[in-house]
Amino acid sequence: FLTQEEALAERKASGKSAEVEIAGAANANAGLEAYNNATALLSQQQFEEAVPLLATAVEKLNLGLTEAKDETTKGSIQKNLEKVERTRGVALALAAQKSGNTEMAIQAEPLLLKAHTATPKDENILQALVASYQARKDAANEKKYQDLLDALVGPKPELAYNKGVEAFNANRMAEAKTHLLKAV
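Heads up: these notes are all about the structure in this document. Bear in mind that the values here come from a model prediction, so they are computed numbers and not experimental data.

1. Quick look at the packing of helix H4 (residues 71–99) against helix H6 (residues 123–135)
Stage number 1. Between H4 and H6, whose axes approach to 8 Å, the crossing angle comes to 40°. What the angle tells us is that H4 and H6 run oblique. Judged by the sense of rotation from one axis to the other, the crossing of H4 with H6 is left-handed. Between H4, through Arg 86, Val 90, Ala 93, Leu 94, Ala 96 and Gln 97, and H6, the contact on the second element is made entirely by Asn 124, Ile 125, Ala 128, Ala 131, Ser 132, Gln 134 and Ala 135.
Stage number 2. Across the contact of H4 with H6, the residue classes break down as eight nonpolar, four polar and one charged.

Given below as structure tokens:
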């Protein structure tokens, strides 16, 4: 993105009105700033704290998209918006898994499914889908996306072992056996 001053100068040089385009750029820049602040929190695994910043980023980028008149600017904002929505879905799912907040998992689902449709072999999206369905205690969908993840990166024996121990402790012996055999 151009700074507001650069965008204004460019618009004036081309003889176009600058006011609406600058407003679009200002909102898009505010959205990207919120996104950058959120990614700093995500790197520290502060998922719940990052979620409101990502919501702000989506809101500001959407405003910038509606205000922008230039197709190149719109395309750039749209690309950034898709990235932010994907990140927001992952943050919501991981926050839900960490806190047990099923509402966050419900909010994450459409964002993650959209991202999964766009990039079905994205390991991070598959992990977030698994986390989201774990938080919602939706075993069928959790298994579905865990199987897709295992097919993509291979099974993780430590996870299968942990699930086997969990099932054993809950006196679900048949399930425990399945998980432990998978771990082996």
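2. Let's talk about the nonpolar core
Stage number 1. If you look at the biggest cluster of nonpolar residues, it comprises 40 residues, and the most contacted ones within it are Leu 54, Leu 61, Val 84 and Leu 112.
Stage number 2. Looking at this core, the element that brings in the most residues is H4, giving nine residues.

3. Quick word on the packing of H6 against helix H7 (residues 139–153)
Stage number 1. Interaxial distance between H6 and H7 falls to 8 Å at its minimum, and their mutual angle equals 155°. Considered as vectors, H6 and H7 are oriented roughly antiparallel to each other. When you trace H6 past H7, the crossing you get is left-handed. Two secondary-structure elements touch here, H6 through Glu 123, Leu 126, Gln 127, Leu 129, Val 130, Tyr 133 and Gln 134 and H7 through Asn 141, Glu 142, Tyr 145, Gln 146, Leu 148, Leu 149, Leu 152 and Val 153.
Stage number 2. Per-class residue counts for the contact of H6 with H7 are nine nonpolar, four polar and two charged.

Each value, and the rule that gives it
- Residues numbered from 1 in each chain as written.
- Predicted model: local features only at pLDDT ≥ 70, side-chain atom pairs only at ≥ 80, totals over all residues.
- Heavy atoms only, no water.
- Axes fitted to C-alpha atoms, helices over the stretch in contact; angles between N-to-C directions.
- Helix = DSSP H or I, 4+ residues; strand = E, 2+ residues; numbered from the N terminus.
- Parallel < 35°, antiparallel > 145°, perpendicular 65-115°, else oblique.
- Left-handed = near helix turned anticlockwise from the far one by under 90°.
- Contact = heavy atoms within 4.5 Å.
- Nonpolar A, V, L, I, M, F, W, Y, C, P; charged D, E, K, R; others polar.
- Core = buried A, V, L, I, M, F, W, Y, C linked by side-chain atoms within 4.5 Å.
- Buried < 20%, exposed > 50% of the residue type's maximum accessible area, 1.4 Å probe, protein only.

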